[in-house]
Amino acid sequence: GQSLEQPSEVTAVEGAIVQINCTYQTSGFYGLSWYQQHDGGAPTFLSYNALDGLEETGRFSSFLSRSDSYGYLLLQELQMKDSASYFCAVRDQAYNTDKLIFGTGTRLQVFP
Amino acid sequence: DAGVIQSPRHEVTEMGQEVTLRCKPISGHDYLFWYRQTMMRGLELLIYFNNNVPIDDSGMPEDRFSAKMPNASFSTLKIQPSEPRDSAVYFCASRPSSRREETQYFGPGTRLLVL
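A quick note: this is a predicted structure, and the numbers were derived from the prediction, not measured.

1. Some words on the pairing of strand 4 (residues 31–38) of chain B
Residue and element names in this part refer to chain B.
Stage number 1. For strand 4, the tally of buried residues reaches 8 of 8 residues, placing the bulk of the element in the interior.
Stage number 2. Side chains of strand 4 alternate between two faces, with Tyr31, Phe33, Tyr35 and Gln37 and Leu32, Trp34, Arg36 and Thr38 buried alike.
Stage number 3. Bridge analysis of strand 4 against strand 5 (residues 42–50) gives 8 bridges, and the strand direction is antiparallel. Its bridge partner lying in strand 5, Phe33 is registered against Tyr48.
Stage number 4. Here strand 4 folds back onto strand 5, and the loop between the two strands holds 3 residues.
Stage number 5. Sheet analysis places strand 4 next to strand 9 (residues 88–95), joined by 7 bridges and oriented antiparallel. Its bridge partner being in strand 9, Phe33 is matched across the sheet by Ala93.

And the structure:
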């Protein structure tokens, strides 16, 4: 089966660092993606990990460990505009599909 | 590029009416995806196309839902007859054909309310 679990909500203050975890159960996948969605908006791509390790894009970093079935999104120097929902997603390799499976989503609230 | 275009942006209709949602993918993208998002069920894939051909429609909830892609620049998702439980935000997304390109580009969505 395929499932990706995330914490439902995370809160932090401006300037802080927050980590959003994603644990998954799938037999194999091509990589782990992260999307950001502001209230009333559409999901937008943030990062993609094809290989194990850390990928850094500005204030955002994403990490993948296939052996631990685990990944995370790290947001540094938090800003109010980072308040949004964050989704991890995988494309399941076992079914040779182009279908993305999205996680349950984590709502991040940044306070001043 | 204008990005993925969806219309209408908002739709309010009465139960039993037919609803048609429209999507124009990014030019040159060979994949098109229809998603539905609700608080209860999250973001779920309904159907996706590759080169205008439906590949996986296992997420389409029932026969009331149908989707077409008559050409590379246009797709429709139709609900007939609509029911209150169909109320949701419907997103269309597109992606290039390269298997190394995982990014999906989402349209702004259509917010559907069925009364």
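2. Points about the nonpolar core
Stage number 1. In this structure, Leu4, Leu32, Trp34, Leu75, Tyr86 and Leu108 of chain A are the most contacted members of the largest nonpolar core, which totals 23 residues.
Stage number 2. At the level of elements, strand 2 (9–13), strand 3 (18–25), strand 4 (29–37), strand 7 (60–65), strand 8 (70–75), strand 9 (84–92) and strand 11 (106–111) of chain A are the ones that each hand at least two residues to this core.
Stage number 3. Ignoring anything within four residues of it in the chain, the contact list for Leu32 of chain A reads Leu4, Cys22, Ser47, Tyr48, Asn49, Phe63, Leu64, Gly71, Cys88, Ala89 and Val90 of chain A.
Stage number 4. Counting residues in hydrophobic clusters, the runner-up holds 21 residues, among them Cys23, Phe65, Ala67 and Ile79 of chain B.

3. Digging into the side chain of Asp82 of chain A
Residues and elements named next belong to chain A.
Stage number 1. Looking at where Asp82 falls in the secondary structure, it is placed in the loop between strand 8 and strand 9.
Stage number 2. Within the structure, Asp82 has its side chain in polar contact with the backbone nitrogen of Gln79 (distance 2.8 Å).
Stage number 3. Leaving out residues up to four positions away in the same chain, Asp82 has contacts with Arg59, Phe60, Leu75, Glu77, Leu108 and Val110.

Conventions and cut-offs
- Residues numbered from 1 in each chain as written.
- Chains lettered and ligands numbered in written order.
- Predicted model: local features only at pLDDT ≥ 70, side-chain atom pairs only at ≥ 80, totals over all residues.
- Heavy atoms only, no water.
- Buried < 20%, exposed > 50% of the residue type's maximum accessible area, 1.4 Å probe, protein only.
- Helix = DSSP H or I, 4+ residues; strand = E, 2+ residues; numbered from the N terminus.
- Pairing = 2+ DSSP bridges.
- Core = buried A, V, L, I, M, F, W, Y, C linked by side-chain atoms within 4.5 Å.
- Contact = heavy atoms within 4.5 Å.
- Polar contact = N/O pair within 3.5 Å; in protein donor to acceptor, adjacent residues only side chain to side chain.

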